[in-house]
Amino acid sequence: MPSAAAYAEIHIEQGRILQDTGTSIGIVTANWAASKYAVTVHGEQSHTGATHLADRRDALVGASRLVLAVRELAEAFQPGQLLGSVGQLTVSPNSPVVVPAR
């Protein structure tokens with residue numbers, strides 16, 4: 001099998017960088033590394049009607065704080081230096097009348 005002398009990855013830009021700079025075509029000169037993490041936030045399951053706010057250990061409240069912390073961390077850097085997002089949450093149990101345990 002012959003080896004390739006070069007390769008090209010051609011695709012449509014998904015961000016607004018080219019448009020913002022008035023550029024019709026761009027050449028990639030650098031790439032970024034991605035790290036992905038799975039995090040579990042533990043709380044204590046309880047009934048929303050019977051559990052006062054002061055007594056709740058709501059895992060979703062903790063997870064929400066984590067989501068905001070990721071955003072705040074990314075915003076603390078110069079634009080374009082760090083990106084961060086939380087793209088998926090799985091709540092357990094997933095019920096409107098239960099304080100989430102996980």
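Look a little higher up for the structure.
Residues numbered from 1 in each chain as written. Predicted model: local features only at pLDDT ≥ 70, side-chain atom pairs only at ≥ 80, totals over all residues. Heavy atoms only, no water.

## Overview of the side chain of S46
The residue S46 is located in strand β1 (residues 46–47) in this model. On the accessibility criterion, S46 (19% relative accessible area) is buried. Setting aside its immediate chain neighbours within four residues, S46 contacts T51, V97, V98 and V99. (Helix = DSSP H or I, 4+ residues; strand = E, 2+ residues; numbered from the N terminus. Buried < 20%, exposed > 50% of the residue type's maximum accessible area, 1.4 Å probe, protein only. Contact = heavy atoms within 4.5 Å.)

## Section: a nonpolar patch on the surface
Together, Y37, V39 and L66 make up a nonpolar patch on the protein surface, roughly 350 Å² of accessible area in all. When you line up the elements, V39 lands in the loop between α1 (17–21) and β1. Classification of V39 by relative accessible area gives exposed; the value is 54%. (Patch = residues over 30% accessible without salt bridge, like charges linked within 9 Å, V, L, I, M, F, W, Y side chains within 5 Å. Areas by Shrake-Rupley, 256 points an atom, 1.4 Å probe, with all protein chains shown as cover. Salt bridge = Lys/Arg side-chain N within 4 Å of Asp/Glu carboxyl O.)

## A short note on the environment of V98
Summarising the element assignment, V98 is placed in strand β2 (residues 98–99). Each C-alpha atom of the pair V98 and S46 lies 5.7 Å from the other, and the pair is 52 residues apart in sequence. When neighbours within four sequence positions are excluded, V98 is seen to be in contact with Q45, S46, T48 and P93.

## Topic: helix α2 (residues 59–75)
Helix length check: α2 (17 residues) gives 25 Å between terminal C-alpha atoms against 24 Å at 1.5 Å per residue, within 8%. Of the residues making up α2, those classed as buried are A59, A63 and A74. Along α2, the residues classed as buried sweep out an arc of 55 degrees about the axis, all on the same side. Away from the buried face of α2 by more than 90 degrees, exposed residues R65, L68, R71, E72 and E75 are located. Two or three places before L60, at the opening of α2, D58 has a side-chain oxygen 2.8 Å from that residue's backbone nitrogen. (Expected span 1.5 Å × (residues − 1). Arc of directions from axis to C-beta. Polar contact = N/O pair within 3.5 Å; in protein donor to acceptor, adjacent residues only side chain to side chain.)

## Details of unusual backbone geometry
Residue P93 is reached from S92 by a cis peptide bond, and omega for that bond is -15 degrees. Positionally, P93 belongs in the loop between α2 and β2.

## A closer look at the environment of A34
Structurally, A34 is set in the loop between α1 and β1. When its relative accessible area of 49% is taken as the criterion, A34 is described as partly exposed. For the pair A34 and D20, spaced 14 residues apart in sequence, the C-alpha to C-alpha distance is 24 Å.

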